[in-house]
Structure formats: structure tokens, C-alpha cells
Amino acid sequence: MADTSWLREFPQMDRMDLLEIRKTLDSAYREFSRSYGDSIESFFDPLLHFLVWFEQLLINSPWWAVILVVTALVYAATRSWKLSLSVVVSFLLIGYFGMWEDTMSTLSIITVCTLMSIVLGIPIGILMARSDRIRSFVTPVLDIMQTMPAFVYLIPVVMLLGIGKIPGLIAVVIYAIPPVIRLTNLGIRLVDPEVMEAATAYGASPMQRLFGVQLPLAMPTIMAGINQTIMMALAMVVIASMIGVKGLGQPVLKSITNQYFTLGLFNGLAIVALAIIFDRVSQAYARRTQRHSNGGRNV
Amino acid sequence: MSDALIRVEGLYKVFGKDPASVMPLVHEGRSKDDILAETGHTLGLKSIDLEIAKGEIYVIMGLSGSGKSTLIRHFNRLIDPTEGRILVEGTDVMQLSPRQLIDFRRHKMSMVFQRFGLLPHRSVLDNVAYGLAIQGVDRSSRAQQAQQWLEAVGLSGYGEQYPAQLSGGQQQRVGLARALCTNAEILLMDEAFSALDPLIRSEMQDQLLALQQKLHKTIIFITHDLDEALRLGDRIAILKDGALVQEGTPVDILLHPADDYVAAFVKDVNRARALTVETVMTPAQCCIEGDSVQAALKALEQAGREYGFQVAGRQYRGTLSRRSLEQAPGDHIDASLLETVATVAPNALIESVIPDTLETPGPLPVVSEDGNLCGELSRASLVEVLGDGSRRSAA
């Protein structure tokens, strides 16, 4: 009688073979990080310097100056007194409860991550909108980036670059960049084809079409993508603190391991406050720059 | 070479994955449905030959799916043909490099779109100036030109508004001003007035005709509305299933439809609104020279008619009737003997002269602007042309 065990149990790969595969891949990657880790790290040096400089700037400036500048920026972007006032109140409360320095660290890394995501994400989104081939390649990559548990891609990043700000930044950007790419692509594809045709018919060059028509008309959608990116970056801050990113995530991590409920709650609430501020400000800014779409009646 | 500004020669357009592979079938003369069923390719246009003269309004008309929007997009190469040539002032548009094509679109042609195609994020003034902005004209001079065209279309106060704040008719005026602002010689209008309600549409048609009187552009106008085609067109081309079925002047199309398809179209046309007096008038039957009542009566007798026109040379003087001439006291025809009869202009629409025709027992004199008698308009000829048209076209 023939062996029928494969009917009852899954015909699994030999354990030794599986181990062999894992060993080979691991050692190959280790080899790769050993030989190229330094050069890749030095490639990111300018970014690290900027990040450190920006964080120090926020922490070392007097607290009232930071609040003043942030509030001025919020008012310039939204023209709303209500929003500016709630920003002042949130920051005062955060400072009063002793979370000022961590909040400044988080603010700096979120700002840099968002800028990175925009700088990388919008061009990728534009390329995706231009060619269906690029889109069919990028879409599954974005799907992987969004569904792969964040801890999994922390591993190779840490292996390559060690623990610190830059690997944290890379992890946050990988996690947070998909919305801005997706929505840039979507926004450009949704531009009224007749408007595009009109621009072409009047002799607009591809660049004039992109900057004069496509990007401005896609802006509400792109802004929604940026908004989502900021939210996801904030959510990722706690996880990134596991690999040494300073900020509000570290106390949260500490309170999980030590069961400090109140410490966790306070820092969690500070992250929520930052999130709400970023969200409201970016949305109010987007609405204000889209005055034409509601007929220029209300601001 | 003839004086045609635009020539289209042997134009074919096939939509699908590999259009070139289908061309042999198309040349065999297979039908659109056959080709679609067999190869999955759609035959958009087949064997189009056209000549469009400088300064005319050339209307391309057809129902949806007839290929008219595809055809108009070939003139500025928003769509590339599968086969054939498009010559504008003798230059083959297909041979232009990308750089030259951009230049060609900037300076030679401008376009008006069915759903306006305005830039929603720019003010009305910036929309009008768009073509100039693309060309790199400096801000102040393009604002000045745009303002001028905005005035020409009657929207001078609206420069600072955004398109969304304007009504459909106003938006299309902006579209028209934008097209005129580049000073391009050729104007492509793709169902430009089809999205507007009837009253605004006829207003826009009037405005276009008035502007054309001043500007003498070459206008290619696409429409699915035969009334509009007849009203605007110097010449009309009728498309069906991507092929040209008839080309001619409005009167040609109306009175001599080439086939059943065109005839079916023409049947529902309000002829009174499409034809002018000129096209239905007949030569004046009884012209009376001189002032003698007797001579006039004799002439009426000879012609066997109740009414005649008193003329001096070609100039129209008045209308005489047999009854009043018979009761005349002397032999001299004076003003009191003339009938009170309205005169009609040769270029008046028939619709506008129907009341006069009904009120007058005899034929109406057709008198040109300089006072010459061109012919007469009788009730009989009016009834004939407004009645069943097929009798006349068969005759």
C-alpha cells in the first residue's frame, strides 16, 4: 500500500531545507548590510543632521517662542482664531503636564517624516498617474507596505542601520507614504478630461499641463492624502520608539512594560492632541485654498 | 492647389489594440458592425475627404456615435488618424514634430468645448487669457487683451469671478472669449452650444454670427442639431457611422437630401426658420413701367393677373391691383392708386414674412436693400415649400 500520509497532513517542505533557505537569506542580507551598511548610513547623514538640528531647535527655543511660531503658522494657514486658540491651549496643557520635550521630539520627527513623504510621494504618484504600467507595479508594492506588520520591516532596517533616528524615520516613512502616493495618483486621474483636452488644444506643454492644470485640480485629493499620511506617521511614532526614536512613544512603551496606566494615558492624549491639530490645520488649509470650488462665497 | 484652408484626404480612424491590422478589412468595405464583431476594433471614421475654405462656417453634423467629435479632434491632433492626411494651409499636420505641434496649436487653432473645459481654479479673466499665458505673453498685455474679448462677448464685469459662479451660457461665452483671445485663424467648436438651454443657445448663435461678421474666422462647428447647422453653416457635412453622406449648402441639404438618412433628418426641420425668402421666391411676373393706367391694365390683362409691380428700371415703386386701376379717375397713376403692401427682404427668414403673406391677397414684392425688385413671393410657393418637401425635391 502506498504512503497516503500527504492526505492527512500538509505535504510540508523538509525542515532542513526550510532552515537552509532561512540561513542563506539571513546571511546574505547580513553580508549585504555589513558591506554596504556604512555607505548607506553616510548617505542618510545630511538627513540625520537636519533632523537633529530641527529637534534641538524646537527643544532649545523658549517654550513661549515655539508656541508663538506654531500659532502664527496655524493662523496663517487657516485664518481661524478658534483653531489658533485651541492650539495654544493644547500646548500649554502638554507643557504643564511635563511632556514638553517629548512632544517637541515627536513634532520634529513628524514634520520631517511628512516632508519626506510629500517630497517622495507626490512625484511617485504623478508617475503612477501617467502610466498604467507604473501603476500596476506600484499598487501591489503599496499594498504590501500598508498591510505588512510594521515590526516586520523594522527588522531589516535595524539590521542595516542599527538603532536610532534614521531607521525610525525610514520605518515611519514606509508606513505613512502610501496614502499620499495613492491619492496623488487618484487626484490626477480624476481631473476632468475635457479640461485636460482644452489645455492640450491651446498648446500647453506637458509641464504646463502638470503644474497649471493637473496638480492644482488634484490638490484637494492630494491634501486628503497628506492628511492621512500625517495621521499614520503619528500612529507609527509609538512603534518607532521601539528602535530608539525619542518622543511621546517612549513613555507609552515604558508604561506598557511597567503597567503605568496614567503615564500611558497622558502621553497617548498628547499624541491625540497633536493629531487633531495637524488634521484640522491641514484640512482648513486645503479648504481655504479651494475657494473657487464653492464659488468663492465662504472662506 | 485650390483656395481651401483645410483639406482632409482619405482619413480613416480605427479604435482598438492594433488598428493597422484591421485596415485591410476596412478597405474591403466591410461594415462597422462586422469589423467590431470580428476583430473587436471600432471603426471611427472612414474615407473622409473634405475641403474647408477660408472664412466660412463649416458645420459637421451627425447623431451621437457618428464620429463627429472624433473628426474635429483630428484637426488639432487631439486624436491621431489611422490613415490619411490633414493639410492646413498646405502643411501636413501629421508631419509636425511635438514642438511644432505645440506651436501649431498655440497659434493656428483654438477650440470651444461642449462642457466648456474651463479651468475651475482660475478666474474668468485668467481663463480667457489662458492661451496667451501658455504662449508666455506677459501678464499686463494678456490681461488687457483678455478684458477686451470679455467685453466683446458681453461679460466685462465678470473678470474676477470663478467659472463656477457663472451660468452655463456665461461660461460658454468665457469659452468663446478664450478661443478668440489667441487670435487663431481657425476656430473649432465641438457641440459648443449643445449643453445650453434653447433660448440661450439661439442667443449664442446670434452672437457667434455677429462676431463672425466682424472677424471672418474659419469656423468648424460640430452639432447634432440640424436646425443649428442650417442656421450657422455656410456649408454642412452630414456624418453617419463615420462616413460622410452629404455635403452642401443648407438649402441643398434641405431641398435635395442625398439619401433616406438625410431625408429623415430634414423632415422634422422647421423650414420656415431655416430658409430665406431668396430660396423660395419666383421671378416677378408682371412689371409695369411708366405712369399710364391703360398701359398698366393692358399689361395685367396680358399676364392674366390681378396684381402687378410698378417699376422704374429695376427700382421698385409700388404694387398695383386691377380693381383699383379700373376705378381710376384719370390715366395717370399716382400714389393714391398704389396698394399698401409690405415689401420683404431677400435674406429674411420665411418665418418672419408669413404674417405679411397671409394678410396680402396678391404676391409680395421682394425688394433688396438698395430698392431693386428681385422677385415675388406668392402664397402658393410658400405653401409648397412649407408643405410636403418630398414633392419638391422629386420634381
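About the thresholds
Residues numbered from 1 in each chain as written. Chains lettered and ligands numbered in written order. Predicted model: local features only at pLDDT ≥ 70, side-chain atom pairs only at ≥ 80, totals over all residues. Heavy atoms only, no water. Helix = DSSP H or I, 4+ residues; strand = E, 2+ residues; numbered from the N terminus. Buried < 20%, exposed > 50% of the residue type's maximum accessible area, 1.4 Å probe, protein only. Contact = heavy atoms within 4.5 Å. Expected span 1.5 Å × (residues − 1). Bend = angle between axes of the 7 residues up to and from the residue. UniProt positions renumbered as here; feature names shortened; annotations may be inferred. Pairing = 2+ DSSP bridges. Axes fitted to C-alpha atoms, helices over the stretch in contact; angles between N-to-C directions. Core = buried A, V, L, I, M, F, W, Y, C linked by side-chain atoms within 4.5 Å. Parallel < 35°, antiparallel > 145°, perpendicular 65-115°, else oblique. Nonpolar A, V, L, I, M, F, W, Y, C, P; charged D, E, K, R; others polar. Phe/Tyr/Trp six-rings, centres within 6.5 Å; stacked < 30°, edge-to-face > 60°. Polar contact = N/O pair within 3.5 Å; in protein donor to acceptor, adjacent residues only side chain to side chain. Left-handed = near helix turned anticlockwise from the far one by under 90°. Buried area = accessible area lost by both parts, 1.4 Å probe. Salt bridge = Lys/Arg side-chain N within 4 Å of Asp/Glu carboxyl O. pLDDT = per-residue confidence, 0-100.

Turning next to the overall build of chain A. In terms of helices and strands, chain A carries 13 helices and zero strands. Start at the N end of chain A and walk to the C end: the helices and strands fall as α-α-α-α-α-α-α-α-α-α-α-α-α. Along the first, second and third principal axes, the C-alpha set of chain A runs to 85 × 60 × 40 Å. When each of the 299 residues of chain A is scored for burial, the buried share is 43%. Considering only contacts within chain A whose residues lie at least 6 apart along the sequence, 76% involve residues at least 24 apart.

This part covers helix α11 (residues 206–240) of chain A. Taking 1.5 Å as the rise per residue, α11(A) with 35 residues should run 51 Å; its terminal C-alpha atoms sit only 40 Å apart, a clear shortfall. For α11(A), the principal kink sits at A:Met219 and spans about 60 degrees; a proline, A:Pro220, occurs within the next four residues.

Mapped onto the present numbering, the UniProt feature "domain: ABC transporter" (unreviewed entry) falls at residues 6–266 of chain B. In residues 6–266 of chain B, helix accounts for 43% and strand for 24%; the two terminal C-alpha atoms are 27 Å from one another.

Another point: the sheet that holds strand β7 (residues 186–190) of chain B. All names here are of chain B. With mixed pairing, the six strands of this open sheet are ordered in space as β6-β7-β8-β3-β9-β10. Sheet topology places β6 (109–112) and β10 (243–248) at the edges, where each strand pairs with a single neighbour. In this sheet, neighbouring strand axes are inclined to one another by 20 degrees on average, regardless of whether the strands run parallel or antiparallel. Pairing analysis gives five bridges linking strand β3 (residues 57–61) to strand β8 (residues 218–223), with the strands arranged parallel.

To continue, consider the nonpolar core. Residues A:Val213, B:Leu176, B:Met189 and B:Phe221 are the most contacted members of the largest nonpolar core, which totals 73 residues. Broken down by element, this core gets its largest block of residues, six residues, from helix α8 (residues 168–181) of chain B. With residues near it in sequence (within four places) discarded, B:Met189 still touches B:Ile72, B:Val112, B:Leu176, B:Leu208, B:Ile219, B:Ile220, B:Phe221 and B:Ile222. Ranked by size, the runner-up nonpolar core spans 71 residues in total, among them A:Ala150, A:Leu161, A:Leu215 and A:Ile230.

A separate point is the packing of α11(A) against helix α13 (residues 261–289) of chain A. Packed helix pairs are characterised by how far apart their axes lie and by the angle those axes make with each other. Residues and elements named next belong to chain A. Look at α11 against α13: their axes get within 9 Å of each other, and the N-to-C directions meet at 170 degrees. The pairing of α11 with α13 is recorded here as roughly antiparallel in orientation. Along the contact surface, α11 presents Met223, Asn227, Ile230, Met231, Leu234 and Val238, while α13 presents Ile271, Leu274, Ala275, Phe278, Asp279, Ser282, Gln283, Tyr285 and Ala286. Looking at the contact of α11 with α13 residue by residue, the class counts come to eleven nonpolar, three polar and one charged.

This part takes up the packing of aromatic side chains. Residues and elements named next belong to chain A. If you walk through the whole model with that rule in mind, you get 13 aromatic pairs over all chains. When the ring of Phe91 is compared with that of Trp100, the centres are 6.0 Å apart and the planes differ by 65 degrees; the resulting orientation is edge-to-face. Accessibility assignment for this pair places Phe91 and Trp100 in one class, buried. These aromatic residues form a ring-pair network of at least three members: Tyr29, Phe32 and Tyr36.

Turning our attention to the UniProt feature "transmembrane region" (unreviewed entry) in chain A. Taken from the UniProt record, the annotation "transmembrane region" (unreviewed entry) applies to residues 57–76, 83–100, 106–129, 150–177, 229–248 and 260–278 of chain A. Within the segment residues 83–100 of chain A, helix and strand shares are 83% and 0% respectively, and the terminal C-alpha atoms sit 20 Å apart.

Mapped onto this structure's residue numbering, the UniProt feature "domain: ABC transmembrane type-1" (unreviewed entry) falls at residues 103–282 of chain A. Helix and strand shares over residues 103–282 of chain A are 87% and 0% respectively, and the end C-alpha atoms of the span are 19 Å apart.

Residues and elements named next belong to chain A. The residue Thr184 is located in helix α9 (residues 165–189) in this model. Taking the relative accessible area as the measure of exposure, Thr184 reaches 0% and is therefore buried. A polar atom in the side chain of Thr184 sits 2.6 Å from the backbone oxygen of Val180. Among all residues touching Thr184, those that are not within four sequence positions of it are Ile122, Gly125, Ile126 and Ile222.

We now examine the packing of helix α6 (residues 100–130) of chain A against α9(A). All names here are of chain A. Here α6 crosses α9 at 40 degrees, and the two axes come no closer than 7 Å. Considering the angle they form, α6 stands oblique to α9. Seen from above, α6 lies across α9 with right-handed handedness. Of the residues belonging to the contact of α6 with α9, the class tally is 17 nonpolar, five polar and one charged.

Moving on, we come to the side chain of A:Thr229. All names here are of chain A. With respect to the helices and strands, Thr229 occurs in helix α11. Judged by its relative accessible area of 1%, Thr229 falls in the buried class. Ignoring any residue separated from it by four or fewer positions in sequence, one finds Thr229 in contact with Ser117, Ala176, Ile177, Pro179 and Val180.

With that settled, the discussion passes to the interface of chain B and chain A. Contacts between chain B and chain A engage 29 residues on the former and 21 residues on the latter. Together, the buried faces of chain B and chain A total about 2,100 Å²; carbon and sulfur atoms form 60% of this surface. Among the salt bridges present, the one from B:Arg115 reaches A:Asp192, with a minimum N-O distance of 3.7 Å. Remark: the boundary between chain B and chain A carries nine residue pairs in polar contact (both at pLDDT 80 or more). Secondary-structure elements contributing two or more residues to the side of chain B that touches chain A are α4 (98–107), β6, α6 (130–135) and α8 of chain B.

We now examine the confidence of the model for chain A. With 96% of its residues at a pLDDT of 70 or more, chain A has an overall mean of 89. Considering each helix and strand of chain A separately, the mean pLDDT is smallest for helix α1 (residues 5–8) of chain A, with a value of 82, and largest for α6(A), with 94.

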